[in-house]
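# Observations on the three-dimensional arrangement
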Amino acid sequence: MNSPQLSDDRFTQIRDLIYAESGMYFADTKKYLLESRLSKRMEEVRLNSFDEYYYLLKYSPKKREELSKLFDQVTINETSFFRNMPQFQVFEKEIIPEILKNNNAGGQRLRIWSAGCSSGQEPYALAMILNELAATKAFKFVPEIIANDISGAMILDAQKGRYKGYYLRNTPELYKSKYFTKNSDEYIISNAIKVMVKFSILNLLDEAKTKVMRDMDVIFCRNVIIYFDDEAKKKVIGMFYEALRPGGYLFIGHSESLHNISRAFKLMLFPNAIVYKKE
Amino acid sequence: MAEDRLEEIKERIQNIGSLPTLPKVATEVISMAGNPDVSIKEIASIISQDPSLSAKILKVANSAFYGLKQRVASIQLALVILGLNKIKNLVIGISVFKTFPIRPGRPTFDREKFWEHSVGCGQIAKILATLLGCEMDGEEFVAGLLHDVGKIVLDQFFHDEFTKVVDLTFEKDIPMIEAEKEVLGTTHAEIGSWLAEDWKLPLSLVEAITYHHEPQKAALNPTLTSLVRLSDLFCKAKGIGFSGDAQGVSISDRIAWKTLKAAKPQLEELDMERFVFDLDTEIERAREYLGVFSNTDQAKEKV
């Protein structure tokens, strides 16, 4: 059987629908990507054409449910623990000490936000780093890690905290042995780390929900806004700026750029990592 | 006070032996290039007397470094096609490796890493200059290549003190130049400046070496000095080099950035993240040039 073809018109309609519902934007050059992700979903619901699938998304009584499943499919990311290590090193060795030094009230709250956390690898890695830092007793702080994703399935996975070994390939041995238990072919994240992270479902373009995110010290939002168009990117980055405390930092994906998106932040160059500072 | 220390250090170097020199042919080319009465043919004949230098020039001339479409088979042709200034800068770049060859480094000062940083700096300066439309016939590349040359002299003549400098840089997490002031009372920039003058390098090169940590003092060619300063910072951001300090740098707050932007307003439009990301490719390329300039390829083949 021939695989179904996604016509340009239909692509535009589905793309616009996804954009209206989630803010994720598939440029014309990303048609192939959307096509392959939609195909997977279509197989699961046993539909043979993109037309039928579009009607399902648009008119079916189950459209909400299907949209949410589609978002799960569309936002699947390759996310290993400690993906792009230099960013984590800068977080640990430069950013956190600087923040704690500048607000050394003693026993202060440190608020970290992992926006677009996928299945939890990023916020858990941050929790491990903070746990290690706390153990050195060089600083006193109470860490609070908030993590969210648009996909409910991802948040469920994150809360389970079970990972195939493949996702731990960049994880330092110390962390692997200290914070995971191995169970046949899975690694289970320790409770000590699990309780440090608060997970929830969140659409970054949902202003009513994002406006309560305030007083953040550090925000990680890596490889998330790549799905957004410029308008949505500007909105989200502006929202992050509001959410950060003065002196706070924003990390984006190491190949992403805020050029033409925002000039509000001060761009800081660290060894192999660019970080944005709110002054 | 610092002046006295510099003089003292100069004296100590002269007592131990003499300041390293550039090969004679390089000095001659520099001086001839400044003389309008000298013909291309005369310069070609001087260069051709040094077969190893000539071979390297042709190798670089035919590499991606210049991206020429036609093959260059003789020094005279290279001079005609590339022009005297480019060849002069190329001769300086190649010759410095004869004076300070790459050799397996000591743990405190790894000469291989040093040259990797220097050539990376040169390459970034070249790319930035191209982006901004202010190429300087390869002078920006050589300036990047030579900006830290004073460090080699310090390591060679004051090894123990220089080791202390490196240790202090890591210990206190301070810029190397601050540690130098503390331990030696002078800096690699001052020593480099002295060396560059002794070598009779073109004045704008001397200036870039002298002021690459204080670009606001450059008067002759502030653009060149600022380019070198920024390239140095970008190199650091890419982890190429061996300075111990890892503090974050805000490029747009730097005097070098402001100076360069005043001369080239389009700098403001540079997509910094993209630029930094793409530097990986440039640094790879710089490593290849390092092989060509220094002939380490051949050295490796012999081994």
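Reading the values: rules and limits
- Each chain has its residues counted from 1, following the order in which its sequence is written.
- Both sets of labels track the order of writing: A upward for chains, 1 upward for ligands.
- Per-residue local features of the predicted model are confined to residues with pLDDT of at least 70, and side-chain atom pairs are confined, for both listing and counting, to 80 or more; whole-chain, interface and lining totals are unaffected and use all residues.
- Excluding hydrogens and water, the side-chain values take into account all heavy atoms of the structure.
- Numbering of helices and strands runs from the N terminus, with a helix taken as a DSSP run of H or I at least four residues long and a strand as a DSSP run of E at least two residues long.
- Restricting the calculation to C-alpha atoms gives the radius of gyration, and the globule rule supplies 2.2 Å times the number of residues raised to the power 0.38.
- Per-residue accessibility, obtained with a 1.4 Å probe over protein chains only, is compared with the maximum for each type, and a residue is labelled buried under 20%, exposed over 50%, and partly exposed between these values.
- The contact criterion used throughout is that any non-hydrogen atoms of two residues lie within 4.5 Å.
- Only strands joined by at least two bridges in the DSSP assignment are considered to pair.
- The axes used here are C-alpha line fits, helices contributing only the stretch in contact, and every angle between their N-to-C directions lies in the interval 0 to 180 degrees.
- Domain segmentation is taken from an automatic or database assignment of domains.
- Simply put, the buried area is the total loss of 1.4 Å probe accessible area from both parts when two parts are fitted together.
- What makes a salt bridge here is a side-chain nitrogen of Lys or Arg within 4 Å of a carboxyl oxygen of Asp or Glu, nothing more.
- Two N or O atoms count as a polar contact when they lie within 3.5 Å, although within protein this holds only if one can serve as hydrogen donor and the other as acceptor, and sequence-adjacent residues are included solely when both atoms are side-chain atoms.
- Polar here means any residue other than Ala, Val, Leu, Ile, Met, Phe, Trp, Tyr, Cys and Pro, which are nonpolar, and Asp, Glu, Lys and Arg, which are charged; Gly is therefore polar.
- Planes of paired rings set the category: under 30 degrees apart is stacked, over 60 is edge-to-face and the rest tilted, where pairs are Phe, Tyr or Trp rings (Trp by its six-membered ring) whose centres lie within 6.5 Å.
- By the criterion adopted, a ring carries a charge over it if an Arg CZ or a Lys NZ lies within 6 Å of its centre and within 35 degrees of its normal.

### A word on the overall build of chain B
Each helix and strand counted, chain B has 17 helices and zero strands in total. For chain B, whose C-alpha radius of gyration is 19 Å, the value lies close to the compact-globule estimate of 19 Å for 303 residues. Principal-axis analysis of the C-alpha atoms gives chain B an extent of 55 × 50 × 40 Å. The 303 residues of chain B split such that 55% are buried. Here the contacts in chain B between residues at least 6 apart in sequence split such that 67% fall between residues at least 24 apart.

### Quick word on the sheet that holds strand β1 (residues 108–115) of chain A
All names here are of chain A. One open sheet accounts for seven strands, arranged β6-β2-β1-β7-β8-β10-β9; its pairing is mixed. Where the open sheet ends on each side, the last strands, each with one partner, are β6 (197–201) and β9 (266–270). Mean inter-strand twist for the sheet, computed between neighbouring axes without regard to direction, equals 20°. Pairing analysis gives three bridges linking β1 to strand β7 (residues 216–221), with the strands arranged parallel. Its bridge partner being in β7, Trp113 is matched across the sheet by Ile219. Against the sheet, helix α5 (residues 85–102) touches β1, β2 (141–149), β7, β8 (244–252), β9 and β10 (273–277), its axis set at about 175° to β8.

### A few points about the domain arrangement of chain A
All names here are of chain A. Each assigned domain of chain A is listed here: domain 1 (8–74) and domain 2 (85–277). A C-alpha centroid distance of 29 Å is found between domain 1 and domain 2. Across the contact, eleven residues belong to domain 1 and twelve residues belong to domain 2. Of the roughly 900 Å² buried between domain 1 and domain 2, counting both surfaces, carbon and sulfur atoms make up 55%. Summed over the shared surface of domain 1 and domain 2, the result is zero salt bridges.

### Focus on the pairing of β9 of chain A
For a regular strand, side-chain orientation follows a simple rule: the groups alternate between the two sheet faces. All names here are of chain A. The element β9 is largely enclosed, with a buried count of five among its five residues. Side chains Lys266, Met268 and Phe270 of β9 all project onto a buried face; the interleaved residues Leu267 and Leu269 project onto the opposite face, where all are buried too. Judged from the five bridges that link them, β9 and β10 form a sheet pairing that is antiparallel. Paired with Lys266 across the two strands is Lys277, which belongs to β10. The loop that links β9 with its antiparallel partner β10 comprises two residues; one of these, Asn272, has a positive phi angle of about 60°.

### Considering the domain arrangement of chain B
Residues and elements named next belong to chain B. Split into domains, chain B comes out as domain 1 (15–99) and domain 2 (104–295). Placing a centre on the C-alpha atoms of domain 1 and another on those of domain 2 gives a separation of 23 Å. Surface buried jointly by domain 1 and domain 2 totals about 2,400 Å² across both partners, of which 76% is contributed by carbon and sulfur atoms. Looking at the side of domain 1 facing domain 2, the largest losses of area belong to Leu19, Phe65 and Phe97, adding up to 30% of the total buried there. Where domain 1 packs against domain 2, one counts one salt bridge. In this structure, Lys86 and Asp137 form a salt bridge, with 3.9 Å as the shortest nitrogen-oxygen distance. Seen at the junction of domain 1 and domain 2, the total is four residue pairs in polar contact (both at pLDDT 80 or more). Secondary-structure elements contributing two or more residues to the side of domain 1 that touches domain 2 are α2 (24–33), α4 (51–61) and α6 (84–99). In terms of residue count, α6 provides more of the side of domain 1 that touches domain 2 than any other element does, eleven residues in total. Here the side of domain 1 that touches domain 2 is composed, by residue class, of 13 nonpolar, eight polar and four charged.

### Quick notes on the interface of chain A and chain B
With 18 residues of chain A at the interface, the matching set in chain B holds 21 residues. Buried surface at the junction of chain A and chain B, both sides included, amounts to about 1,600 Å², of which 53% is carbon and sulfur. In terms of surface lost to chain B, no three residues of chain A exceed His259, Leu267 and Leu269 of chain A, which account for 35% of the buried area on that side. The tally of links from chain A across to chain B stands at two salt bridges. Lys266 of chain A serves as the salt-bridge partner of Asp253 of chain B, at 2.1 Å between the closest nitrogen and oxygen. Linking chain A to chain B there are nine residue pairs in polar contact (both at pLDDT 80 or more). Counting residues per element, the side of chain A that touches chain B draws most heavily on β9 of chain A, which supplies five residues. Split by residue class, the side of chain A that touches chain B holds nine nonpolar, five polar and four charged.

### Structural notes on the sheet that holds strand β4 (residues 180–183) of chain A
Residue and element names in this part refer to chain A. The three strands lie next to each other as β3-β5-β4, forming an open sheet whose pairing is antiparallel. With one partner strand each, in any of the chains shown, β3 (162–164) and β4 form the two edges of the open sheet. Sheet twist, expressed as the mean angle between neighbouring strand axes with direction ignored, is 30°. Sheet topology note: the β3/strand β5 (residues 186–189) ladder contains three bridges and is antiparallel. Across the sheet, residue Tyr163 finds its bridge partner in β5, namely Tyr187.

### Section: the packing of aromatic side chains
Evaluated as defined, the whole model comprises 28 aromatic pairs over all chains. On the basis of an interplanar angle of 85° and a centroid distance of 4.9 Å, the ring pair of Phe65 of chain B and Tyr66 of chain B is categorised as edge-to-face. Like Phe65 of chain B, the residue Tyr66 of chain B is buried in the burial classification. Among the aromatic side chains, those forming a connected cluster through ring pairs are Phe82, Phe88, Phe91, Tyr175, Tyr179, Phe220 and Phe251 of chain A. Sitting over the face of the ring of Tyr241 of chain A, Lys278 of chain A holds its NZ or CZ atom 4.6 Å from the ring centroid. The side chain of Lys126 of chain B reaches across the aromatic face of Phe65 of chain B, ending 3.7 Å from its centre.

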